Amino acid sequence: MSYSTSLYLTGAEIGLSLAGLILLLVTAWTGEKAARAITVIAVAALFGALFFNISLFDQGAPGVAFGGLFLADGFAVFAKSLVYIATIACLIVAPRYFDARGQYRGEYPVLMLFNAVGMGMMVSATDLMTLYIGLEMSSLSSYVLASFARSNEKSSEAGLKYFVLGGLASGIILYGVSLVYGFSGTTNYEGIRAAFALNFSTGAMFGVVFVLAGLAFKIAAVPFHMWTPDVYEGAPTPVTAFFASAPKVAAVAMLVRMVTGPFGGQIEAWQQIVIFAALASIVVGALGAIGQANLKRLLAYSSINNVGFILIGLAAATPEGVSGVLVYLFIYVFMTIGSFTALLILRDAEGNALTTFDDISGLSTTSPALAWCLLALMFSLAGIPPLFGFWGKFVVFQAAVQADMIALAAIGIAASVIGAFYYIKFVKVMFFDEPKGSKPASAPISHWIVIGLSVLIISPLGYLLTPWLGNLANTAAQALFFQI
């Protein structure tokens, strides 16, 4: 394949890289003065990458770039589109938060662009080296973003914890990669699958376990979830919204490609690990959230809980299961972005964040529109019909039942009831408790646009998207299994 074709297939990553480098130079020359203009240009670049990426979906056969290091197929297009949408939304709502603290700088959107490049490489990687480069590119910028509010001790602490534990996870992945390479003789996904089909030794099994353990850290699955509540609470809220959406989509997509590609011939080697991680994440996420008073920590445990439901679809190890994972990710992105945008809107007249249940008591009286938006988002996260979040849980449970994993689906359904408790607690506090604070300060129109679109998509009107979304997810899932 010619270099021109390879460059074309990686056009989104190349475009974002060039935009990031140019904006980095502009930031160095202008300082904080052009931060908002740089943000607008970064959002425009991400929209360009999104539209270019979508255009690749209609080109039929998957495109292989750079001799099998990079793959532009339907699965990659679907996942990267979600990544770009989430990154755009997080950039749109970020300036007001940092401006109120005098902390907004042009480096922020530049870091987001480079993070998006890394996530794109993770999703499209078909070689262990490409995967690791993309993973580290995303991770390194994430460490800086977590500690972006340098004058805030919690933000610095979050960045340090994320860096130390993230470095440990990267080391685990790298060790697993070295074992996989040692026992297969190649870093290419197809080559690994072929080698493991001939001989899957105990050493190779250890390699698979180490790689999956490192990836479990990246998606915050139990038992590698310990960093999530502290980092989510300490990082600036726009950064937390970003961590809970775009990188999680990229990491889940990377995990899905790994277990269906190079490890796809050894389902029995990884399926039990995924099943355990799924059930443990659902239970720990639900129980851990019950006693939380801080809203960001509660949503951190909620994200762990949702990862468990996503892994139920993956545990099915079928095209239907992967399709369910993609549908759930689509809905999850909008539920998460909407929830954290609501937290960004929750500020008092002095600009201080309202971060606890006491702060939102009686919110239906002081800010009815925001209270009703939060009600819809929480009920959707709980999977209560007729909101669209119910459909996400339904498709992953359906995939598990079709794969004869009825016990897994039944346990998942029963455990999901636990999670409904703390989501309903939001509604109880907002609608039935007496107000303890003043009315939240007015929010920019951009925040209301983001939360309005999120609520619209997760509302019962979202079911109008099910034929279109189902077809896209099925096509994307089949792209993975078509290559096997």
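Here, every reference points to the structure presented above.
The rules behind each value
- Residues numbered from 1 in each chain as written.
- Predicted model: local features only at pLDDT ≥ 70, side-chain atom pairs only at ≥ 80, totals over all residues.
- Heavy atoms only, no water.
- Helix = DSSP H or I, 4+ residues; strand = E, 2+ residues; numbered from the N terminus.
- Contact = heavy atoms within 4.5 Å.
- Core = buried A, V, L, I, M, F, W, Y, C linked by side-chain atoms within 4.5 Å.
- Buried < 20%, exposed > 50% of the residue type's maximum accessible area, 1.4 Å probe, protein only.
- Axes fitted to C-alpha atoms, helices over the stretch in contact; angles between N-to-C directions.
- Parallel < 35°, antiparallel > 145°, perpendicular 65-115°, else oblique.
- Nonpolar A, V, L, I, M, F, W, Y, C, P; charged D, E, K, R; others polar.
- Phe/Tyr/Trp six-rings, centres within 6.5 Å; stacked < 30°, edge-to-face > 60°.
- Lys NZ or Arg CZ within 6 Å of the ring centre and 35° of its normal.

**What about the environment of Ile451?**
Take Ile451: it is sitting in helix 21 (residues 445–458). If we ignore the near neighbours within four places in the chain, the residues touching Ile451 are Gly338, Thr341, Ala342, Ile345, Leu370, Cys373 and Leu377.

**A word on the nonpolar core**
The biggest cluster of nonpolar side chains holds 173 residues, and the ones touching the most others in it are Tyr84, Tyr108, Phe243, Leu311, Leu346 and Ile458. With 18 residues, the top contributor of residues to this core is helix 16 (residues 319–345). Residues within four places of Ile458 in sequence aside, it is in contact with Ile331, Phe334, Met335, Ala376, Leu377, Ser380, Leu387 and Phe388. Residues Leu9, Ala65, Phe70 and Val77 belong to the second largest nonpolar core, which totals six residues.

**What about the packing of helix 7 (residues 128–146) against helix 8 (residues 153–184)?**
Contact geometry of helix 7 with helix 8 gives a least axis separation of 9 Å together with a crossing angle of 170°. The pairing of helix 7 with helix 8 is recorded here as roughly antiparallel in orientation. Each of Leu128, Met129, Tyr132, Leu135, Glu136, Ser142, Tyr143 and Ala146 in helix 7 lies in contact with helix 8, whose residues at this interface are Ser155, Ala158, Gly159, Tyr162, Phe163, Gly166, Gly167, Ser170, Ile173, Leu174, Val177 and Val180. For the contact of helix 7 with helix 8, the residue count by class is 13 nonpolar, six polar and one charged.

**Looking at the packing of aromatic side chains**
Tallied over the entire structure, the rule returns 30 aromatic pairs. Note on Tyr8 and Phe52: the rings are 5.3 Å apart at their centroids and 75° apart in plane angle, and the pair reads as edge-to-face. Note that Tyr8 is positioned in helix 1 (residues 3–9) and Phe52 in helix 3 (residues 35–55), a separation of 44 residues in sequence. You can call Tyr8 partly exposed: its relative accessible area is 37%. Ring geometry for Tyr422 versus Tyr423: centroids 4.4 Å apart, planes at 45°, classification tilted. For Tyr422, a relative accessible area of 0% corresponds to the buried category. A relative accessible area of 1% places Tyr423 in the buried class. Aromatic ring contacts, followed pair by pair, group Tyr143, Tyr162, Phe163, Phe217, Trp227, Tyr232, Phe242 and Phe243 into a single cluster. Arg105 extends its terminal NZ or CZ atom over the ring of Phe148, reaching a point 4.5 Å from the ring centre.

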